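Below, each chain spelled out in residue letters.
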Amino acid sequence: MRKPLIILAVAALAQWAVPVEMLLGHREVLREGTAWKFRLAPVDPHDPFRGEYVRLDFDVEQLTLPGDSCLFTRDQRAYALLQEDAQGFARFSDLRTEAPAEGAFLNVRVNYCWLDEDSIGYRIAMPVDRYYLPEGEGPIAEQATNGWIPDLDNDSLPLPQAYALVRILDGEAALEEVYVDDLPLREWVRLQATSAGD
């Protein structure tokens with residue numbers, strides 16, 4: 001009778017060990033990782049909110065490198081070398097099959113590649129692609145942004161500029177915050193809600 005209980009207890013502990021390990025690793029990356037700013041695709045106030053999270057589209061997810069053959073297969077893991085551009089935003093400078101001995105890099109997945117005349121294009125999946133909102137703020141965010149730009153066909157109305165602050169440690173990433181027009185997303189949403197109510 002004791003043996004099944006012991007087996008059950010060990011199984012229950014093992015189920016909790018994996019999520020706890022993941023959480024602790026995520027916290028370590030946030031605490032000790034280097035901060036990198038990644039540009040996001042423009043925020044379309046009519047589409048980004050689905051439920052209680054924002055889907056993030058990064059402009060670095062498409063990379064063009066010189067060459068004449070794809071070096072990665074579909075959904076293959078890769079190491080993207082990181083550099084800062086002139087505006088202080090992260091960009092990928094190369095893809096590798098092995099982690100570099102030095103320099104900043106990010107573990108990514110290559111979705112697919114295509115060949116151009118003298119280059120190879122890669123579509124890359126970032127390890128962070130969602131920004132979760134506290135329960136109840138998803139609908140508030142949707143309501144706050146609906147109608148914020150009355151005419152999306154009017155090119156004279158600029159879309160908000162957005163970026164994600166991502167902490168990276170040994171190739172692992174943790175999303176710290178999403179900024180829209182240099183304001184944390186929640187603050188930006190509150191301002192939109194306030195101005196929509198005026």
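Here is a short report on the structure shown in this document. (Residues numbered from 1 in each chain as written. Predicted model: local features only at pLDDT ≥ 70, side-chain atom pairs only at ≥ 80, totals over all residues. Heavy atoms only, no water.)

Side note on the nonpolar core
Here is step 1: Among the nonpolar cores identified, the biggest contains 37 residues, and Phe38, Phe58, Phe92, Leu95, Leu106 and Leu185 are the most heavily contacted of them.
Here is step 2: Once residues within four sequence positions are removed from consideration, leucine 95 is found in contact with Leu63, Leu65, Phe72, Ala78, Tyr79, Ala80, Val108, Val110, Tyr122 and Ile124. (Core = buried A, V, L, I, M, F, W, Y, C linked by side-chain atoms within 4.5 Å. Buried < 20%, exposed > 50% of the residue type's maximum accessible area, 1.4 Å probe, protein only. Contact = heavy atoms within 4.5 Å.)

Concerning the packing of aromatic side chains
Here is step 1: Inspection of every chain in the model, using the stated rule, returns seven aromatic pairs.
Here is step 2: Each ring, one from phenylalanine 89 and one from tyrosine 163, has its centre 5.6 Å from the other, and the planes form 75°; the classification is edge-to-face. Of this pair, phenylalanine 89 sits in the loop between β5 (76–84) and β6 (90–96) while tyrosine 163 sits in strand β10 (residues 162–169); the two residues are 74 residues apart in sequence, bridging distant segments of the chain.
Here is step 3: For phenylalanine 89, a relative accessible area of 12% translates into the label buried.
Here is step 4: Given a relative accessible area of 12%, tyrosine 163 falls into the buried group.
Here is step 5: A centroid spacing of 5.9 Å and a plane angle of 45° characterise the contact between tyrosine 112 and tryptophan 114, whose relative ring orientation is tilted.
Here is step 6: Under the relative-accessibility criterion, tryptophan 114 is labelled partly exposed at 27%.
Here is step 7: One aromatic cluster in this structure is built from Phe38, Phe58 and Phe92.
Here is step 8: A cation sits over an aromatic face here: lysine 37 above phenylalanine 89, 4.6 Å from the ring centre.
Here is step 9: Over the ring of tyrosine 163 we find lysine 37, and its NZ or CZ is 4.9 Å from the ring centre. (Phe/Tyr/Trp six-rings, centres within 6.5 Å; stacked < 30°, edge-to-face > 60°. Helix = DSSP H or I, 4+ residues; strand = E, 2+ residues; numbered from the N terminus. Lys NZ or Arg CZ within 6 Å of the ring centre and 35° of its normal.)

Description of the environment of alanine 80
Here is step 1: By the secondary structure assignment, alanine 80 is in strand β5.
Here is step 2: Assessed through its relative accessible area of 0%, alanine 80 is described here as buried.
Here is step 3: When the C-alpha atoms of alanine 80 and serine 93 are compared, they prove to be 7.3 Å apart, with 13 residues separating the residues in sequence.
Here is step 4: Not counting residues up to four positions away in its chain, the partners in contact with alanine 80 are Phe92, Asp94, Leu95, Ala104, Phe105, Leu106 and Val108.

Quick notes on the pattern of salt bridges
Once the charged atoms of two side chains with opposite charge are near each other, the side chains can pair.
Here is step 1: Scanning the entire structure with this criterion turns up six salt bridges.
Here is step 2: Measuring nitrogen to oxygen at the nearest pair gives 2.6 Å for the salt bridge that ties glutamate 176 to arginine 167. (Salt bridge = Lys/Arg side-chain N within 4 Å of Asp/Glu carboxyl O.)

Description of the state of the cysteines
What is meant by a disulfide is a covalent connection between two cysteines, made through their sulfur atoms.
Here is step 1: Evaluated as defined, the whole model comprises one disulfide.
Here is step 2: Between the sulfur of cysteine 70 and that of cysteine 113 lies a disulfide, 1.9 Å long from S to S. Classification of the bridge connecting cysteine 70 and cysteine 113 rests on its S-S torsion, roughly 125°, and on that basis the disulfide is right-handed. One end of the pair, cysteine 70, is in the loop between β4 (62–66) and β5; the other, cysteine 113, is in strand β7 (residues 105–115), with 43 residues separating them in the sequence.
Here is step 3: Looking at cysteine 70, the relative accessible area reads 30%, which means it is partly exposed. (Disulfide = S-S within 2.5 Å.)

A word on the sheet that holds strand β12 (residues 183–184)
Here is step 1: Spatially, four strands are ordered β1-β10-β11-β12 in an open sheet, and the strand pairing comes out antiparallel. Every interior strand has two partners, whereas the edge strands, β1 (34–39) and β12, have only one.
Here is step 2: Bridge count between strand β11 (residues 172–180) and β12: two bridges; the pairing is antiparallel. Among the inter-strand pairings, tyrosine 179 is bridged to a residue of β12, identified as proline 184. (Pairing = 2+ DSSP bridges.)

Describing the pairing of β6
Here is step 1: By the bridge criterion, six bridges tie β5 to β6 in an arrangement that is antiparallel. Within β6, the position partnered with glutamine 83 by the bridge is arginine 91.
Here is step 2: Between β5 and the antiparallel strand that follows it, β6, lie five residues; glycine 88 among them carries a positive phi value of about 90°.

As far as function goes, none of this settles anything; it's purely spatial.
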